[in-house]
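What follows is each chain in one-letter form.
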Amino acid sequence: MKKLMTCLLALVLVLSLTACGGKNDDSSNSGDDSNAPSVEDASTGDETNSGDDAAPGEFTTVEPGKLHMSTNAAFPPYEMITDDGSFEGIDVEVAEAIAEKLGLELVVDDMGFNAALTAVQQGQSDIAMAGITVNEKRLAVMDFSDSYATGVQVVIVKEGSAIQSIDDLSNADMIGCQAETTGYIYASAPVDDPDAPGYGEDHVTAYDTGALAVMALVNDQIDAVIIDNEPAKAFVAANEGLTILDTEYAVEDYAIGFAKGNDALREAVNAAVAELKADGTFQAIVDKYITAE
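Since the structure is predicted, the reported quantities are computational estimates derived from the model, not experimental observations.

Reading guide: rules and limits
- Residues numbered from 1 in each chain as written.
- Predicted model: local features only at pLDDT ≥ 70, side-chain atom pairs only at ≥ 80, totals over all residues.
- Heavy atoms only, no water.
- Helix = DSSP H or I, 4+ residues; strand = E, 2+ residues; numbered from the N terminus.
- Salt bridge = Lys/Arg side-chain N within 4 Å of Asp/Glu carboxyl O.
- Buried < 20%, exposed > 50% of the residue type's maximum accessible area, 1.4 Å probe, protein only.
- Axes fitted to C-alpha atoms, helices over the stretch in contact; angles between N-to-C directions.
- Parallel < 35°, antiparallel > 145°, perpendicular 65-115°, else oblique.
- Left-handed = near helix turned anticlockwise from the far one by under 90°.
- Contact = heavy atoms within 4.5 Å.
- Nonpolar A, V, L, I, M, F, W, Y, C, P; charged D, E, K, R; others polar.

Asker: Lay out the environment of Gly261 in plain terms, naming residues and giving numbers.
Answerer: Structurally, Gly261 can be placed in the loop between β14 (257–259) and α8 (263–278). Spatially, the C-alpha atoms of Gly261 and Met142 are 8.4 Å apart, while their sequence positions differ by 119 residues.

Asker: Please set out the pattern of salt bridges residue by residue, giving values where relevant.
Answerer: For the coordinates displayed, the defined rule picks out nine salt bridges. Lys288 is the partner of Glu93 in a salt bridge, and the nearest nitrogen-oxygen pair spans 2.7 Å. Taken together, the positions of Glu93 in helix α2 (residues 90–101) and Lys288 in helix α9 (residues 281–289) put the pair 195 residues apart, joining distant regions of the chain. Given the relative accessible area of 19%, Glu93 is considered buried. Its relative accessible area of 56% is what places Lys288 among the exposed residues. Two residues, Lys101 and Glu275, come together in a salt bridge whose shortest N-O distance is 3.1 Å. With Lys101 in helix α2 and Glu275 in helix α8, the pair connects residues that are 174 residues apart, well separated along the chain.

Asker: Tell me about the packing of α2 against α9, residues and numbers included.
Answerer: At a closest axis distance of 9 Å, the pairing of α2 and α9 adopts a crossing angle of 155°. Considered as vectors, α2 and α9 are oriented roughly antiparallel to each other. Judged by the twist between their axes, the crossing of α2 over α9 is right-handed. Between α2 and α9, the residues in contact are Ile90, Glu93 and Val94 and Phe282, Ile285, Val286, Lys288 and Tyr289, respectively. Here the residues of the contact of α2 with α9 sort into six nonpolar, no polar and two charged.

In structure tokens form, the structure reads like this:
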């Protein structure tokens, strides 16, 4: 009887709204939630593969119930491979926390840096996290989350090198960088580029990973390596005779990459990151890998 009365009351309410010319739109009572879907409201599980049938505010993923992250796991302390073949690092743990917030299981797809960006553009992965900075070229083919970390580009040289400052890089015969990274883009730019003067492509060698660039420096094949600060510290610690110049080369913000137009997933991830920062989870992950100096 109680259930019957509830149904009758609901029917009367619907009829009264129709008679008044009202529109049956749940969003009219949504308040702040109308701006962006909360983490709890986002679709998960098998519904994530609903494609174009997804309702407004719901997101889709490449594989039902999972969040695929493309990355280049050779960028400590953000992403790296452990001795047992698993993945760890700031980006990996943050992505795991995001996936948990969204009710998904994280899948890490390791590949080259440029391939990681291409994978998300082509819908082969849901997000790209690999210490990715936002620039105009990438914005033309990808969308990005809010910034979640700051990356500082520095220069590694051999101890006793003639290169003692950023200005001395113009005298280097060859500079090494990881391909398609901010360091490579800046360094390989033409000398007379008004926006980002570099050293020209003839004076920059691109390597598949930062580790290969550092090894080339160790073997005297190049004069310097431009790379992010945290990986630089790890490489210097692991290779005797290397040092980091005191002056920063560039400062950039890291963000998470998405396929163009995947706004529902991007908004859900932004909401998850905001929650992780607010409850201290994000900082705890960073502190685990980067100690205060």
